[in-house]
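Residue-level structural notes
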Amino acid sequence: MTAATSLLFNPADYFTYVLDQEIRKAGMPGGYCGFALQLAGKPDLDKLQQRLDLLVTKFPKASARIERQGKRQVWIPTGQRIELERHQAKDDDDTGRLLVEIFNRHESRPLTFHWIAGPTGGTLLLNWNHPLLDARGAKIMLDFLTAEQPERFEDSASLIETKLAQWSLWKKLKLLFKAKRHNDEANRSDSCLPTSVEQGPQKLELKTRNFDAEQSKRIAGLALQHTGLAGRTLYYLGCFMRAMERVGPPHARTGYCIPYAFNLRRQNAPTPVFGNHVGCLFARAPRELVHDRKALFVHLLKQHTQVVRDELDLAYLPLMRLGQWLTPSRYARFLRKQHSGNELSSLWFSDIGDLSWGAKGFLGIPVTGLTMMCWMTLPPGLALLVGQLDGKLSLSYSYLSPAIDDVWLDAVIAAMDDELLENSPR
């Protein structure tokens, strides 16, 4: 395979690759993510395999391998077939066990698909390595697999590179320094963490919380009331800070810092599919403020307003481009460590948004449930993924065991439920 056929990482791909390498260094499988769709019946698995074959033909990156060329990481297409792997579960508990077992495997492939047959219906599990694509890209890829007109789906240039190309050198430098200042602020205070463990064999475990339509509608209304049109993400983040504070952070410091992503894709756009097209922001709050629910949301909303006003939602793009020239270990120190040497992230978080397939379902089969998973660094050893399926809110907590105390996490999840539904004292 010649260098001409290689596909360069974009700045956000390398950002996620660096974290993937940190996870692997700790003896875990890497920066893998997963979507599990619970289906009411068995889809046409032969048709699904045909679509997976078409996926590799149309998007060679789907089965590529990672190599280093010079100072850059690249994808080298292999043309290798993505086989739909089939499993049989005895019941729902066995399905859950298989999901976790498969996700804990050490993989070299960037993308795998699994069908777990159950007594009624089954579960389609998609596992992917984050440098390959982000969560919205994974949803678009699933849409491609079930689309009546898959030819509509095309890959396109990196949205980050396109945005950077539109800016003058002066604007890029201006944004770069803004991002550096913003990052320094995030690194100034010590973050509370859900564990102080930094090493040792770990297994990824999973806890989920699904809200019914009425509860989901109530949570959406409370989010609108507290954080307005800025979006529900701030509401989820504030509620988690309060939940963790109510139970007590195992590694207590001065405040909370939760990185969260924003996506550059247009709403409902079928392209680009592969590559990461995200930037990074931080939600930060001192512990004393977290105790006051109303004040916390005012603080987070004010923080978000300043981000938009100062273009900080775009400022990390030139910083990520510069980061491509750093070695993974050096870049990782910048991404993870505060000035004190403490871990930056109190939690890994992603608000994936709507993951519905509507009346058509997936390959004609209704999607009845959704589970999301991801590996993360240790610490923090805990990730919260939020999504919506047919108007119903779904929360998935991925955590590392034994680093994260199971009883402590159960208490945090119960407190999070109360916070989301505003059942707690203010």
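Residues numbered from 1 in each chain as written. Predicted model: local features only at pLDDT ≥ 70, side-chain atom pairs only at ≥ 80, totals over all residues. Heavy atoms only, no water.

**Regarding the overall build of the protein**
Defined as follows: Secondary structure follows DSSP: runs of H or I at least 4 residues long count as helices, runs of E at least 2 residues long count as strands, and numbering of each begins at the N terminus. In this setup the radius of gyration rests on C-alpha atoms only. A globule is expected at 2.2 Å times the number of residues raised to 0.38. Accessible area is worked out with a 1.4 Å probe on protein chains only. A residue is then buried under 20% of its type maximum, exposed over 50%, and partly exposed in between. Residue contacts follow a heavy-atom distance rule, with two residues in contact if any of their heavy atoms lie within 4.5 Å. Values of accessible area rely on a 1.4 Å probe in the Shrake-Rupley scheme; residue burial ignores everything except the protein chains shown. A positive count includes Lys and Arg, and a negative count includes Asp and Glu. His and the chain ends are not counted in either. Taken as the charge location is NZ of Lys, CZ of Arg, CG of Asp or CD of Glu.
In terms of helices and strands, the protein carries 13 helices and 14 strands. Over its C-alpha trace the protein gives a radius of gyration of 21 Å, about what one expects of a compact globule, namely 22 Å for 426 residues. Seen through its principal axes, the protein has C-alpha atoms that stretch 55 × 50 × 40 Å. Taken across its 426 residues, the protein has 58% of its residues classed as buried. Taking contacts inside the protein between residues at least 6 apart in sequence as the whole, the part at least 24 apart equals 78%. Approximately 18,100 Å² of the protein is accessible, and the part contributed by carbon and sulfur atoms is 52%. Computed over 53 positive and 46 negative side-chain charges, the inter-centroid distance for the protein is 7 Å.

**Re the domain arrangement of the protein**
Just so we agree on the cut-off: Note that domain bounds follow an automatic or database assignment of domains. Take a side-chain nitrogen of Lys or Arg and a carboxyl oxygen of Asp or Glu: if they are within 4 Å of each other, that pair is a salt bridge. Counted as a polar contact is a pair of N or O atoms within 3.5 Å, where, for protein atoms, one must be capable of donating a hydrogen and the other of accepting one, and residues adjacent in sequence contribute only when both atoms are in side chains. Throughout, the ten residues Ala, Val, Leu, Ile, Met, Phe, Trp, Tyr, Cys and Pro are labelled nonpolar, Asp, Glu, Lys and Arg are labelled charged, and all others, Gly among them, are labelled polar.
Considered domain by domain, the protein is made up of domain 1 (3-152) and domain 2 (159-352 + 377-421). Counting from both sides, the interface comprises 35 residues of domain 1 and, opposite them, 35 residues of domain 2. The interface formed by domain 1 and domain 2 holds two salt bridges in total. One salt bridge connects aspartate 134 with arginine 265, and the closest N-O pair in it is separated by 2.6 Å. On inspection of domain 1 and its partner domain 2, the count reaches 13 residue pairs in polar contact (both at pLDDT 80 or more). Of all the secondary-structure elements, those providing two or more residues to the side of domain 1 that touches domain 2 are helix 1 (11-25), helix 3 (92-103) and helix 4 (135-146). Its residues assigned to classes, the side of domain 1 that touches domain 2 comprises 22 nonpolar, five polar and eight charged.

**A word on helix 3**
As a reminder of what qualifies: Expected span, for any helix, means 1.5 Å times one less than how many residues it has.
The end-to-end C-alpha distance of helix 3, which contains 12 residues, comes to 17 Å, matching closely the 16 Å that a straight helix rising 1.5 Å per residue would cover. What helix 3 keeps buried is the set Asp94, Thr95, Leu98, Leu99, Val100, Ile102 and Phe103. Looking at the buried residues of helix 3, the elements they touch are strand 2 (32-39), strand 5 (84-88), strand 6 (111-117), strand 7 (122-129), strand 8 (203-210) and strand 12 (367-374).

**Details of the pattern of salt bridges**
Scanning all chains against the criterion turns up 34 salt bridges. A salt bridge links arginine 81 to aspartate 53; the shortest N-O distance between them is 2.8 Å. One end of the pair, arginine 81, is in the loop between strand 4 (72-76) and strand 5; the other, aspartate 53, is in helix 2 (residues 45-58), and 28 residues separate them in sequence. Here aspartate 53 falls in the partly exposed class, since its relative accessible area comes to 26%. The shortest N-O distance in the salt bridge between arginine 109 and glutamate 85 comes to 3.0 Å. Separated by 24 residues along the polypeptide, arginine 109 in the loop between helix 3 and strand 6 and glutamate 85 in strand 5 bring together distant segments of the chain. For arginine 109, a relative accessible area of 29% corresponds to the partly exposed category. On the accessibility criterion, glutamate 85 (18% relative accessible area) is buried. Salt bridges sharing common partners tie together Arg242, Arg246, Arg293, Asp418, Glu419 and Glu422.

**So, the packing of helix 7 (residues 213-227) against helix 8 (residues 233-247)**
Stated formally: The axes are straight lines fitted to the C-alpha atoms, using for helices just the contacting stretch, and the angles between their N-to-C directions are given from 0 to 180°. Roughly parallel here means an angle under 35 degrees, roughly antiparallel means over 145, roughly perpendicular means 65 to 115, and every remaining angle is called oblique.
Where helix 7 meets helix 8, the axes come as close as 9 Å, and the angle between the chain directions of the two elements is 95°. Considering their axes alone, helix 7 and helix 8 lie roughly perpendicular with respect to each other. Residues Ile219, Leu222, Ala223, His226 and Thr227 of helix 7 pack against Leu234, Tyr235 and Tyr236 of helix 8. Class assignment of the residues belonging to the contact of helix 7 with helix 8 gives a composition of six nonpolar, two polar and no charged.

**Re the nonpolar core**
Most often, soluble globular proteins keep nonpolar side chains buried together rather than apart. Defined as follows: Buried Ala, Val, Leu, Ile, Met, Phe, Trp, Tyr and Cys residues that are joined via side-chain atoms within 4.5 Å together make up what is termed a nonpolar core.
By size, the foremost hydrophobic cluster in this structure holds 141 residues, and its most contacted members are Leu55, Leu111, Phe113, Leu142, Phe240 and Phe362. Counting residues per element, this core draws most heavily on helix 8, at nine residues. Of the residues that make up this core, three or more belong to each of domain 1 (3-152) and domain 2 (159-352 + 377-421). Sequence-distant contacts of leucine 142, defined by excluding residues within four places in its chain, comprise Phe35, Leu37, Phe113, Leu124, Leu126, Trp357 and Phe362.

**Side note on the sheet that holds strand 3 (residues 65-69)**
For the record, the criterion: Any two strands with at least two DSSP-identified bridges between them are counted as paired.
The strand order across the open sheet built from three strands is 1-4-3, with neighbouring strands paired in antiparallel fashion. Where the open sheet ends on each side, the last strands, each with one partner, are strand 1 (7-8) and strand 3. As defined by bridge partners, strand 3 adjoins strand 4 across five bridges and the pair is classed as antiparallel. Residue pairing across strands places glutamine 69 opposite arginine 72, the latter belonging to strand 4.

**Remarks on the sheet that holds strand 6**
Judged by pairing direction, the sheet is mixed, and its five strands sit side by side in the order 5-6-7-2-12 without closing on themselves. If you trace the sheet from one side to the other, it starts and ends with strand 5 and strand 12, each paired once. Across the sheet, the mean angle separating the axes of adjacent strands is 20° when strand polarity is ignored. Both strand 2 and strand 12 contribute to a ladder of seven bridges, which runs antiparallel. Counted as the bridge partner of phenylalanine 35 is methionine 372 from strand 12. Contacts between helix 2 and the sheet are confined to strand 5, strand 6 and strand 7, with strand 5 contributing the most and set at about 150° to the helix.

**Section: the state of the cysteines**
What counts, and what does not: A pair of sulfur atoms, both from cysteines and within 2.5 Å, is called a disulfide here.
With the rule as written, the count across this model stands at zero disulfides. This cysteine, cysteine 280, is not joined by any disulfide, and cysteine 257 carries the nearest cysteine sulfur, 8.5 Å off. In this model cysteine 374 remains outside any disulfide bridge; the closest cysteine sulfur is found in cysteine 33, 5.6 Å from its own. When its relative accessible area of 8% is taken as the criterion, cysteine 374 is described as buried.

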